[in-house]
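This is what each chain is made of:
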Amino acid sequence: MAFLHRHRHYRSGRAADRQARAAAARWRHDGSEPRWARSDLKLRRLLSLLFAPFFALIGVLMLLLGSGAPAAAGPPQGIYTALAVCCFLLALVALVDLYVIRHRRREQQRWHRSS
């Protein structure tokens, strides 16, 4: 009986291996992509430097519009607040990206790699 149990387990393991190989086929390398793909840190830094203050400024503007918006005219105050929160979140993402870029550039300098 133990032999049959092991045999069934082996068969299910083979089926799992087949499924895993089929799923992994999607991620196989065919040689057309770069071997060590890296993002352009200079461009990312430039975009983050431009958009972090832009989104922060737009967020402040939305808060000011929301606080001074009369009840009858235009969208309600909650819309301005939601847009301000979205802008502040995007500014935060840009600032975190600047931190990551700084870390990667220092790592490249430490290992004498070109950027």
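Preceding this section is the structure that the text describes.
Residues numbered from 1 in each chain as written. Predicted model: local features only at pLDDT ≥ 70, side-chain atom pairs only at ≥ 80, totals over all residues. Heavy atoms only, no water.

**Q** What is the right way to look at the overall build of the protein chain in this model?
**A** Scanning the protein chain from N- to C-terminus turns up three helices and zero strands. Element order for the protein chain, N to C, with α for helix and β for strand: α-α-α. Counting only residues that meet the buried cut, the protein chain has 14% of its 115 residues in that class. Here the protein chain has roughly 10000 Å² of accessible surface; of this, 64% comes from carbon and sulfur atoms. (Helix = DSSP H or I, 4+ residues; strand = E, 2+ residues; numbered from the N terminus. Buried < 20%, exposed > 50% of the residue type's maximum accessible area, 1.4 Å probe, protein only. Areas by Shrake-Rupley, 256 points an atom, 1.4 Å probe, with all protein chains shown as cover.)

**Q** Help me out: how do you make sense of the side chain of Ser 48 in this one?
**A** Its place among the elements puts Ser 48 in helix 2 (residues 41–67). For Ser 48, the contacting residues outside a window of four places in its chain are Pro 53, Ala 94, Asp 97 and Leu 98. (Contact = heavy atoms within 4.5 Å.)

**Q** What is the right way to look at the packing of aromatic side chains in this model?
**A** Each pair of aromatic rings is reported with the distance of its centres and the angle of its planes. In the structure shown here, the tally under the stated rule is three aromatic pairs. Each member of the aromatic cluster is reached from another via a ring pair, and the members are Phe 51, Phe 54 and Phe 55. (Phe/Tyr/Trp six-rings, centres within 6.5 Å; stacked < 30°, edge-to-face > 60°.)

**Q** Help me understand a nonpolar patch on the surface in this model?
**A** Taken together, the side chains of Leu 43, Leu 46, Leu 47, Leu 50, Phe 51 and Phe 54 define a hydrophobic patch exposed on the protein surface, amounting to about 540 Å² of accessible area. Examined against the element boundaries, Leu 47 turns out to sit in helix 2. Of the residues examined, Leu 47 reaches a relative accessible area of 38% and is grouped as partly exposed. (Patch = residues over 30% accessible without salt bridge, like charges linked within 9 Å, V, L, I, M, F, W, Y side chains within 5 Å. Salt bridge = Lys/Arg side-chain N within 4 Å of Asp/Glu carboxyl O.)

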